[in-house]
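Residues per chain are reported as follows:
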Amino acid sequence: MTDFAKLVAPYARRLSNMIARGTVTLVDAATKMQSLQLRLLAGESKDKVEHFEPYGFTSQPNPGAECLALFLDGDRSHGVVVCVADRRYRVKGLTTGEVILHDDQGQSVYLMRGGIRLTDKAGSTVQMNGDGSGEMTFAAGLTINANSKIVGTLEVTQNLTCDQTITAASDVADQGGAKTMAGMRATYNGHTHSGTDSHGDGFTTSPPNQQE
């Protein structure tokens, strides 16, 4: 080994020790900064390595996830993890510019070029199409625990069941709109009866004196 090689050897070792790839073997999420136990290349093991996550975002990786660790100044006694990835669950097929937040169960928040889609592990979806329209699909039903107001026309394609009073500011119609509550009320209020009395004389009754 030349004198120059001997001179730079410590610095070369430091440089080579600064970055390492490895896998996650254990996660401690109870600490203020999440800490990981790592298995690095060549069987090297590191415990309680701090995982630096972006502000506002945290996750708990599965064992076997891959990581990139930095050791400042090449000191392997204290490192930090700057990235954890898991190729086993990475979503493929995104279009340029798209973003997806996902987990290992297939759940996701997908920022598509044509809108936003939320998907849970049962396949239920909430989709906003980016043009002001959207759809929701819940195979097992959707419960809304809130006082709700719909501004616009509401169309129900199946049965409608109500456990309490229905109040309408305008008319209520059925049979495709052919029959209305107002029409029934007008018919009742103006209806009469006609017939022949016991003397053989014809008669017509007056409208009901109790109007609806």
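Residues numbered from 1 in each chain as written. Predicted model: local features only at pLDDT ≥ 70, side-chain atom pairs only at ≥ 80, totals over all residues. Heavy atoms only, no water.

This part covers the nonpolar core. The nonpolar side chains of a soluble globular protein tend to be buried, and buried together. A20, V24, V27, L36, L38, L40, V49, A65, C67, A69, F71 and V81 form the largest nonpolar core, which has 12 residues in total. Where this core is concerned, the elements lending two or more residues are strand 1 (19–28), strand 2 (35–40) and strand 4 (66–70). In contact with V49, not counting residues within four places along its chain, are Q34, S35, L36, L38, G79, V80 and V81. (Core = buried A, V, L, I, M, F, W, Y, C linked by side-chain atoms within 4.5 Å. Buried < 20%, exposed > 50% of the residue type's maximum accessible area, 1.4 Å probe, protein only. Helix = DSSP H or I, 4+ residues; strand = E, 2+ residues; numbered from the N terminus. Contact = heavy atoms within 4.5 Å.)

Before going further, it helps to spend a moment on the pairing of strand 9 (residues 125–128). Burial along strand 9 is one-sided: the residues T125 and Q127 are buried and none of V126 and M128 is. Where strand 8 (residues 115–119) lies against strand 9, 4 bridges are found, and the strand directions are antiparallel. Each bridged residue has a counterpart across the sheet, and for I116 the counterpart in strand 9 is M128. Between strand 8 and the antiparallel strand that follows it, strand 9, lie 5 residues; G123 among them carries a positive phi value of about 90°. Pairing of strand 9 with strand 10 (residues 134–137) involves 4 bridges; the strand directions are antiparallel. By the bridge assignment for strand 10, M128 is matched with G134. (Pairing = 2+ DSSP bridges.)

Sheet architecture is closed into a barrel: 5 strands sit in the order 1-2-3-5-4, paired in mixed fashion. Across this sheet, the average inter-strand angle for adjacent strands is 55°, counted without regard to direction. Of the strand pairs in this sheet, strand 4 and strand 5 (residues 80–85) are connected by 5 bridges, and their pairing is antiparallel. Residue pairing for strand 5: L68 is matched across the bridge by C83. (Axes fitted to C-alpha atoms, helices over the stretch in contact; angles between N-to-C directions.)

Turning our eyes to something else, we now look at the pairing of strand 8. On a regular strand, one side chain projects to one face of the sheet and the next to the other, so that they alternate. Pairing geometry for strand 7 (residues 108–112) and strand 8, over 5 bridges, is antiparallel. Across the sheet, the residue bridging to V109 is L118, located in strand 8. Taken together, strand 7 and the strand that follows it, strand 8, pair antiparallel across an intervening segment of 2 residues.

What follows deals with the environment of V99. Secondary-structure assignment places V99 in strand 6 (residues 99–102). Between the C-alpha atom of V99 and that of Y110, which follows or precedes it by 11 residues, the distance is 6.2 Å.

Bringing unusual backbone geometry into the picture now. Across residues other than glycine, the phi torsion is negative in most instances, and most of the peptide bonds are trans. Residue K48 is not a glycine yet carries a positive backbone phi of 55°. Here K48 falls in the exposed class, since its relative accessible area comes to 67%.

As a further point, take the sheet that holds strand 10. The strand order 6-7-8-9-10 describes an open sheet built from 5 strands, whose pairing is antiparallel. In this open sheet, the two edge strands, each paired with only one partner strand, are strand 6 and strand 10. On average, adjacent strands in this sheet sit at an angle of 5° to one another, irrespective of strand direction.

Bear in mind that shape data such as this cannot, by itself, settle questions of function.
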